[in-house]
Amino acid sequence: MAEFEPKIICFACNWCTSAGADLAGTSRMEYQPNGVIIRVMCSSRVDPQHVLWAFKKGADGVFIGGCHPGDCHYQDGNYKTLRRIKLLKKLLGDLGINPDRLRLEWVSAAEGKKFVNVMNEFTDYIRKLGRLELSENGGPPSGE
Amino acid sequence: MKNKKRTGVFVCHCGINIAGTVDVKKVAEELAKHEGVVLATDYVYMCSDPGQKLIIESIKEKDLDSVVVACCSPTLHESTFRKATNMAGLNPYQCEIANIREQCSWVHKEKSKATAKAIKIAKSIVEKVQRNTPLEPISVPITKRALVIGGGISGIQAALDIANGGYEVILVERSPSIGGHMIQLSETFPTLDCSQCILTPKMVEVSKHPNIKLMTYSEVQEISGFVGNFKVKIRKKPTYVDPDACTMCGECSEVCPVVVPNEFDLGLTGRKAIYIPFPQAIPASYTLDSAHCPGLVPIACGKCIDVCEPKAINYDMPPQIIEEEVGAIVVATGYDLYEKERMAEYGYGKIPDVLDGLQFERLLSASGPTKGEVLRPSDHRVPKEVVFIQCCGSRDPELHNAYCSKICCMYTAKHAMLYKHHVPDGQAYVFYIDIRSGGKGYEEFVQRATEEDGVVYLRGKVSKIFQENGKVIVWGVDTLSGKDIQIEADLVVLAMAIRPSQGARELAKVLKISIDKDGFFSEAHPKLRPVESMVSGMFLAGVAQGPKDIPETVAQASGAASKVLAMFSSDELSHDPIVAEVDEDLCCGCKICIPQCPYEARIFDEQKKVVIVNEVLCEGCGACIAACPSGAAQQRNFTDEQILSMVDIILEGER
């Protein structure tokens, strides 16, 4: 059997994290290809339901990247994201999903290297956790 | 939303930039099979004229209603392809970019995996564009006034250019006078022009210009709004002296009993608590430094007010918060020298005869503490052996700053040369790593220092500096001869690194513009948009954006000013229409979304009992959308349906 390859959805804000990912590319840094970026204007656009939907549809990990605290292009969107994601992580446990499968990081437009490190580290982490198994009725699966 | 679509997908090779790691033919093949895609093709350079023609003709031939270009980052060519799409008669918002270069081909090496990922990215964007709605840019009026932050040469130049273009400028400077660091310099390289002589006419022009409102001793406290319509709160600190009444007689300073280090002379001289920073200060008025005054409330001394004949001093002057509306902002906050505390290894701050470059400028300056005579601080003797050390804190990623401060090679050559002009029988030594003398007339200038003024250049670093018998002993190495060097110097001048000015980081937070790893303000594109910040309507000038010398600073300031003038030349700005909207049938009027909006764009309509969006104020972050419990709020072309369909296609076949 081929080695398990995690499927990761990455929500990246337009101004910081997506630009940081662009910088990683311009600088020709290499990272694992498991995460696919969905660019949103601000991390606060990410609805907790999007995250749950991604897990339901087969994501093994979900990454959300925003601007550093105080640097949000929209004043304080990232604080809203932080609050929502903290709460969502509490709920994930109840749904039988390891909350660490959801990762929120601040990656600025200058932090190409950080984006690369986070992508590699998160991919390795999810690979170690293994595939996310959800039961048919959405109840707690075994093992998490 | 997703009706039967006719989408065209155009996959760019970008030479081998994409095609080298992504099988572009396969991407096109796979995309051709995707529902609603009627054409998927590849081309070597989609952004080229033939590439754009291919898109335009395909739209017409195949009657496409939506377009995906799989190419570089949307920050580069989104507008190119949207314009092309528009030329073919489609709404430009029916074109979307799939970023398969920066976020795929450039970051992955294994071709099969990169290709698979590029297919996922392209398909996700197809899903998005098929649910896009045609949009028209929203027009907003512009306030044709500019704010310039920082009154050094860059801020002065930007303010003058904008003011001469016919628009009002508010120039804010936090210290009591404009002039910045340039006014502290003695001469400038490579022409040896007197720095004050070339700067003061511009300072006077600022003070007399009918279009410039100068606010010194003031700081920007708060900014809200958006391009074309910023609201600024400026805090004006009290100077306790009415500049209109002050006659500059200087009586107050005479009687003031407090002496503190003079910032203008970098501590080489003292000043009183009530002082004028330097004789040509603009505005020409005294300032009472309340931090050093023995006390205003209750009055502890009161000597200055007693001698002030024109009654210009007012101890009760309050700080003022002034609100202004501007359409554009130029950030020109300049630099400070790298902190001396961090260069303890060179005895800086401990040995009195170890100075930094700016202090040496003051020693050389005709208006300086020694009236232009080069005297060392410890015993006021003329130094006969002077050692200049370059790269103090620069190009040292382990201990200090990784970057090159750019100006030090040139100003050190100037210092050594001017020292020799003042002390012809003295000897100047320069320790250097490399000589970086790129610039018009710069290399010749360094040659002149070595050939005409006999400056000895030693390639190597200094390991230790210490005092012995009234001398400053410098241990170093000359890496070209491989010999250890010991110089018994009378004076040592450190070419300290320059770093973003104190408070730049805090200002970045107020302005919501980003800074780079070294704390300089980030430009929108390092090559092609060097005077713009990432925030539209905010521009950068001078060393605040990165180390540079005076001509480059002036050029960038004029560049920023011309960007402002270009913006002010139209009466309206167009605003990105990817804003929030509300489905009034679904909105239950819970108002949860209202406090989510940082722009007060969401208002409750008391009649309809639903929330409505002021689309001019909406910046399109989407925070309110994620908060809406009923799904009534959606962001145009970033709807929940679009995001979920993108998730679906990326995870296709997984569960």
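None of these values were measured; they are calculated from a predicted model. (Residues numbered from 1 in each chain as written. Chains lettered and ligands numbered in written order. Predicted model: local features only at pLDDT ≥ 70, side-chain atom pairs only at ≥ 80, totals over all residues. Heavy atoms only, no water.)

**So, the overall build of chain A**
So, step 1. Broken down by element type, chain A carries 4 helices and 4 strands.
So, step 2. The linear arrangement of helices and strands in chain A, starting from the amino end, is β-α-β-α-β-α-β-α.
So, step 3. Here the C-alpha radius of gyration of chain A, 15 Å, is about what a compact globule of 144 residues would show, namely 15 Å.
So, step 4. With respect to the three principal axes, the spread of C-alpha positions in chain A is 40 × 35 × 15 Å.
So, step 5. When burial is assessed residue by residue, chain A has 60% of its 144 residues classed as buried.
So, step 6. Within chain A, residue pairs in contact and separated by at least 24 positions form 79% of the contacts whose partners lie at least 6 positions apart.
So, step 7. As presented, chain A carries roughly 5800 Å² of accessible surface, and 54% of it is formed by carbon and sulfur atoms. (Helix = DSSP H or I, 4+ residues; strand = E, 2+ residues; numbered from the N terminus. Rg over C-alpha atoms; globule rule 2.2 N^0.38 Å. Buried < 20%, exposed > 50% of the residue type's maximum accessible area, 1.4 Å probe, protein only. Contact = heavy atoms within 4.5 Å. Areas by Shrake-Rupley, 256 points an atom, 1.4 Å probe, with all protein chains shown as cover.)

**Regarding the overall build of chain B**
So, step 1. Scanning chain B for helices and strands turns up 17 helices and 34 strands.
So, step 2. On the principal axes, the C-alpha backbone points of chain B span a range of 90 × 70 × 45 Å.
So, step 3. Taking the contacts inside chain B whose residues are at least 6 apart along the sequence as the reference set, 69% of them involve residues at least 24 apart.
So, step 4. When the accessible surface of chain B is summed, it comes to about 27400 Å², and 52% of that surface belongs to carbon and sulfur atoms.
So, step 5. In chain B, which carries 71 positive and 85 negative side-chain charges, the distance between the mean positions of the two groups comes to 3 Å. (Lys, Arg positive; Asp, Glu negative; His and termini not counted. Charge placed at Lys NZ, Arg CZ, Asp CG, Glu CD.)

**So, the sheet that holds strand S25 (residues 471–478) of chain B**
Residue and element names in this part refer to chain B.
So, step 1. The strand order across the open sheet formed by 3 strands is S24-S25-S26, and the pairing between neighbours is antiparallel. Edge strands, defined here as strands with exactly one partner in the open sheet, are strand S24 (462–468) and strand S26 (483–489). For this sheet the average axis-to-axis angle between neighbouring strands, irrespective of direction, equals 20°.
So, step 2. Two strands pair when backbone bridges link them, and S24 and S25 are joined in this way by 6 bridges, in the antiparallel orientation. Within the sheet, the bridge partner assigned to Ile465 lies in S25 and is Val474. (Pairing = 2+ DSSP bridges. Axes fitted to C-alpha atoms, helices over the stretch in contact; angles between N-to-C directions.)

**So, helix H15 (residues 550–568) of chain B**
Residue and element names in this part refer to chain B.
So, step 1. Between its first and last C-alpha atoms H15 spans 27 Å; for 19 residues at 1.5 Å apiece the expected length is 27 Å, and the two agree.
So, step 2. Every buried residue of H15 is accounted for by Thr553, Gln556, Ala557, Ala560, Ala561, Val564, Met567 and Phe568. One face of H15 carries all of its buried residues, which in axial projection span an arc of 140°.
So, step 3. Taken together, the buried residues of H15 touch strand S6 (145–149), helix H7 (153–164), strand S18 (328–331), strand S29 (538–540) and strand S30 (572–575).
So, step 4. If you check the start of H15, you find a side-chain oxygen 3.2 Å away from the backbone N of Glu552, and it comes from Asp549. (Expected span 1.5 Å × (residues − 1). Arc of directions from axis to C-beta. Polar contact = N/O pair within 3.5 Å; in protein donor to acceptor, adjacent residues only side chain to side chain.)

**A word on unusual backbone geometry**
All names here are of chain B.
So, step 1. Omega for the bond connecting Ile282 with Pro283 falls within 30 degrees of zero, at 0°, which places this linkage in the cis form.
So, step 2. Note that Pro283 resides in the loop between strand S15 (274–275) and strand S16 (287–288).
So, step 3. Here the residue pair Val297 and Pro298 is connected by a cis peptide bond, since its omega of -10° sits within 30 degrees of zero.
So, step 4. Turning to its location among the elements, Pro298 is positioned in the loop between S16 and helix H10 (303–307).

**Topic: the interface of chain A and chain B**
So, step 1. The interface is formed by 52 residues belonging to chain A together with 49 residues belonging to chain B.
So, step 2. Together, the buried faces of chain A and chain B total about 4600 Å²; carbon and sulfur atoms form 56% of this surface.
So, step 3. Scanning the region where chain A abuts chain B turns up 5 salt bridges.
So, step 4. Salt-bridge contacts for B:Asp648 lead to A:Lys57; the nearest nitrogen and oxygen are separated by 3.2 Å.
So, step 5. Run the count over chain A and chain B and you get 17 residue pairs in polar contact (both at pLDDT 80 or more). (Buried area = accessible area lost by both parts, 1.4 Å probe. Salt bridge = Lys/Arg side-chain N within 4 Å of Asp/Glu carboxyl O.)

**Regarding the pairing of strand S7 (residues 168–172) of chain B**
All names here are of chain B.
So, step 1. Counting buried positions over the 5 residues of S7 gives 4, a clear majority of the element.
So, step 2. Examined bridge by bridge, S6 and S7 share 5 bridges and lie parallel to one another. Bridging from a neighbouring strand, Leu147 pairs with Ile170 of S7.
So, step 3. Handedness of the β-α-β unit built from S6, H7 and S7 comes out right-handed.
So, step 4. Note: S7 against strand S10 (residues 212–215), 4 bridges, orientation parallel. What sits directly across from Ile170, in S10, is Lys213. (Right-handed = clockwise from strand over helix to strand, strands pointing away.)

**Re the nonpolar core**
So, step 1. Counting residues in each nonpolar core, the largest one holds 68 residues, and the members touching the most others are A:Ile9, A:Phe11, A:Val62, A:Ile64, A:Leu102 and B:Val69.
So, step 2. Among the elements that make up this core, the one with the highest residue count is helix H6 (residues 111–129) of chain B (8 residues).
So, step 3. Leaving out residues up to four positions away in the same chain, A:Phe11 has contacts with A:Ile38, A:Val46, A:His50, A:Val62, A:Phe63, A:Ile64, A:Gly65, B:Ile643 and B:Val647.
So, step 4. Formed by 62 residues, the second largest nonpolar core is a distinct cluster that contains B:Leu185, B:Ala413, B:Tyr419 and B:Leu494. (Core = buried A, V, L, I, M, F, W, Y, C linked by side-chain atoms within 4.5 Å.)

**A closer look at the state of the cysteines**
Residue and element names in this part refer to chain B.
So, step 1. A complete count under the given rule lists 2 disulfides over all chains for this structure.
So, step 2. A sulfur-sulfur separation of 2.2 Å characterises the disulfide bridge that pairs Cys194 with Cys197. Judged by the sign of its S-S torsion, about 75°, the cystine formed by Cys194 and Cys197 is right-handed.
So, step 3. By relative accessible area, Cys194 is classed as partly exposed at 26%.
So, step 4. Cys252 supplies the cysteine sulfur nearest to Cys246, a cysteine that is in no disulfide, at a spacing of 6.5 Å.
So, step 5. Unpaired in this structure, Cys256 has its nearest cysteine sulfur neighbour in Cys301, at a distance of 6.5 Å.
So, step 6. Among the residues examined, Cys256 registers a relative accessible area of 9% and is labelled buried. (Disulfide = S-S within 2.5 Å.)

**Topic: the confidence of the model for chain B**
So, step 1. The pLDDT averaged across chain B works out to 95; a share of 99% of its residues lies at or above 70.
So, step 2. Listed scores for the predicted complex are pTM 0.80 and ipTM 0.95. (pLDDT = per-residue confidence, 0-100.)

**Quick notes on the environment of B:Glu168**
Residue and element names in this part refer to chain B.
So, step 1. Note on placement: Glu168 falls in strand S7.
So, step 2. According to the relative accessible area criterion, Glu168 is partly exposed, its value standing at 40%.
So, step 3. Once you skip the residues sitting within four places of it in the chain, Glu168 turns out to touch Lys144, Arg145, Ala146 and Asn211.
So, step 4. At 3.2 Å, the side chain of Glu168 forms a polar contact with the side chain of Arg145.

**Structural notes on the environment of B:His108**
So, step 1. Locating B:His108 in the fold gives a position in the loop between helix H5 (101–105) and H6.
So, step 2. Residues B:His108 and B:Val22, spaced 86 residues apart in sequence, show a C-alpha to C-alpha distance of 9.1 Å.
So, step 3. Apart from residues no more than four positions distant in its own chain, B:His108 is found in contact with A:Glu30, A:Tyr31, A:Gln32, A:Pro33, B:Thr21, B:Gln103, B:Ala114 and B:Lys117.

**Topic: the pattern of salt bridges**
So, step 1. According to the stated counting rule, one finds 50 salt bridges over all chains in the structure shown.
So, step 2. Salt-bridge contacts for B:Lys233 lead to B:Glu222; the nearest nitrogen and oxygen are separated by 3.8 Å. With a gap of 11 residues between them, B:Lys233 in strand S12 (residues 229–236) and B:Glu222 in strand S11 (residues 218–226) connect regions that are remote in the sequence.
So, step 3. Salt-bridge contacts for B:Glu606 lead to B:Lys609; the nearest nitrogen and oxygen are separated by 3.4 Å.
So, step 4. Classification of B:Lys609 as partly exposed rests on a relative accessible area of 47%.
So, step 5. The network of salt bridges with common partners includes A:Arg39, B:Glu78, B:Arg82, B:Glu96 and B:Lys128.

**Topic: the packing of helix H3 (residues 49–61) of chain B against helix H4 (residues 74–87) of chain B**
All names here are of chain B.
So, step 1. Remark: H3 packs on H4, axes separated minimally by 9 Å, with the N-to-C direction vectors making an angle of 35°. Note that H3 runs across H4; the crossing there is right-handed. For the pair H3 and H4, the contacting residues are Gln52, Ile55, Ile56 and Ile59 in the first and Thr80, Phe81, Ala84, Thr85 and Met87 in the second.
So, step 2. Tallied by class, residues from the contact of H3 with H4 come to 6 nonpolar, 3 polar and no charged. (Left-handed = near helix turned anticlockwise from the far one by under 90°. Nonpolar A, V, L, I, M, F, W, Y, C, P; charged D, E, K, R; others polar.)

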